[in-house]
Amino acid sequence: MNISVLGCGRWGSCIAWYLDKIGHSVMTCGLADAPEFIQLKETHKNDYLTFPESIEISSDLETAVSRAEVIIISISSQYLRSYFEDISKYNLDNKIIVLCMKGVEASSGKRLSEIVSEFVDESKTPIAVWVGPGHPQDYVKGIPNCMIIDSNNQHVKELLVNEFTSELIRFYFGTDLIGSEIGAAAKNVIGIAAGMLDGLNYTSLKGALMARGTREISRLIKALGGNEMSAYGLCHLGDYEATLFSPWSHNRKYGESFVKGIKFEKLAEGVMTSKALLKLGQECGVELPIVEAVYSVLFDNVDAKEALGKLFVRSVKKEF
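These figures come from a predicted structure and were not determined experimentally. (Residues numbered from 1 in each chain as written. Predicted model: local features only at pLDDT ≥ 70, side-chain atom pairs only at ≥ 80, totals over all residues. Heavy atoms only, no water.)

**Here's the deal with the overall build of the protein**
Let me state the cut-off plainly: Note on conventions: DSSP H or I runs of at least 4 residues are helices, E runs of at least 2 residues are strands, and numbering of each starts at the N terminus. Radius of gyration here uses only the C-alpha atoms, and the compact-globule reference equals 2.2 Å multiplied by the residue count raised to the power 0.38. In this scheme, a residue with accessible area under 20% of its type's maximum is buried, one over 50% is exposed, and one in between is partly exposed, where area comes from a 1.4 Å probe on protein chains only. Any two residues whose heavy atoms approach within 4.5 Å at even a single point are treated as in contact. Here the accessible surface of atoms and residues is derived via Shrake-Rupley with a 1.4 Å probe, and residues count as covered only by protein chains that are part of the display.
Per the secondary structure count, the protein includes 14 helices and eight strands. By the compact-globule yardstick of 20 Å for 320 residues, the protein fits well, its C-alpha radius of gyration being 19 Å. In terms of overall dimensions, the protein has C-alpha extents of about 55 × 40 × 35 Å along its principal axes. Burial analysis of the protein (320 residues in total) assigns 55% to the buried set. Excluding contacts between residues fewer than 6 apart, the proportion of contacts in the protein whose partners are at least 24 apart in sequence is 70%. When the accessible surface of the protein is split by element, carbon and sulfur atoms take 49% of a total near 13900 Å².

Structural data, given as structure tokens:
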């Protein structure tokens, strides 16, 4: 397939590398003045991997869009709307949009597929999401993992799973687009909480965080019209090892650095997602104590030890 990957950061470059590796014709497209694009263009490598010569690297968005059967977008979720205003200037008919990013728009509380659907006719330009665990640092070493592709379009979902599955990544068919997107976005917020526990030397509490975090997010997914069991699948609970424990996790590292007073320069999607989920929880009448705790630390200057401590001294309740 002719595939264009828009965004050449850590995950975008990994996607381009992976899809080329399994035999697709890949172009990666980034902003001409972005440091990560300049590095790839000049050296064909970044901090995570090396591109083969078969991957075309371009800053020409029009060319990247026009050549593609499948357009994969991997950028910061909070910039998706403004980015799609540029993409939608071009003819997107009969192209598949795949969102390989995890977040919820902070200003509106909208899922990322909902944002894209404002710009395209899904009968002509179907939308899919690619979520689940994994880090480029592991994939380039040949360490396999499992991920999910979900869409409201069954044919597109089957096509992508069949085209993208390999021995390195086994794909599953998602069955709940709401749950897949909310679960994937929310795990980054739980990841920040896990990092804060690490920074406070409360790592032993991450087991409780995992159990209660999954239950908390399942309630939100249900309230939004999704299947609450999605929170226990690859999109959320299945991604915990990669997000709550891995040294490669930006969100976990962000939380740890935050409580230690260390500046963390890389993107941690969970920061703005905590704001978006808090908004959704309030609108749906769903209690989200972990999300609220993370938000209070990041945006209300509440002491992390105090905010997280309150989670474990709340009134006694049944587990389920």
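**A look at the environment of Glu228**
Tracing the backbone through its elements, the reader meets Glu228 in the loop between α9 (206-223) and α10 (240-245). For Glu228, a relative accessible area of 25% corresponds to the partly exposed category. Along the chain, Glu228 and Met210 lie 18 residues apart, while their C-alpha atoms are 16 Å from each other.

**Focus: the state of the cysteines**
Convention followed: Whenever a pair of cysteine sulfur atoms sits within 2.5 Å, that pair is classed as a disulfide.
Counting across every chain of the model gives zero disulfides. No disulfide involves Cys8; its nearest neighbouring cysteine sulfur is the one of Cys29, lying 8.0 Å away. Taking relative accessible area as the criterion, Cys8 reaches 5% and is therefore assigned buried. With no disulfide of its own, Cys235 lies closest to Cys146 among cysteine sulfurs, the gap being 14 Å.

**Quick word on the packing of helix α8 (residues 177-199) against helix α12 (residues 270-284)**
Condition: The axes are straight lines fitted to the C-alpha atoms, using for helices just the contacting stretch, and the angles between their N-to-C directions are given from 0 to 180°. Throughout, a crossing is termed right-handed when the near helix is turned clockwise from the far one, and left-handed when it is turned anticlockwise from it by less than a right angle. Note on residue classes: Ala, Val, Leu, Ile, Met, Phe, Trp, Tyr, Cys and Pro are nonpolar, Asp, Glu, Lys and Arg are charged, and everything else, Gly too, is polar.
In contact at an axis separation of 8 Å, α8 and α12 are set at 115 degrees when each is read in the N-to-C sense. As for how α8 packs across α12, the hand of that crossing is left-handed. In contact with Ile182, Ala185, Ala186, Asn188, Val189 and Ile192 of α8, α12 contributes Gly270, Val271, Thr273, Ser274, Leu277 and Leu280. Residues belonging to the contact of α8 with α12 are distributed by class as follows: eight nonpolar, four polar and no charged.

Honestly, that's just the spatial picture; any functional story needs more than this.
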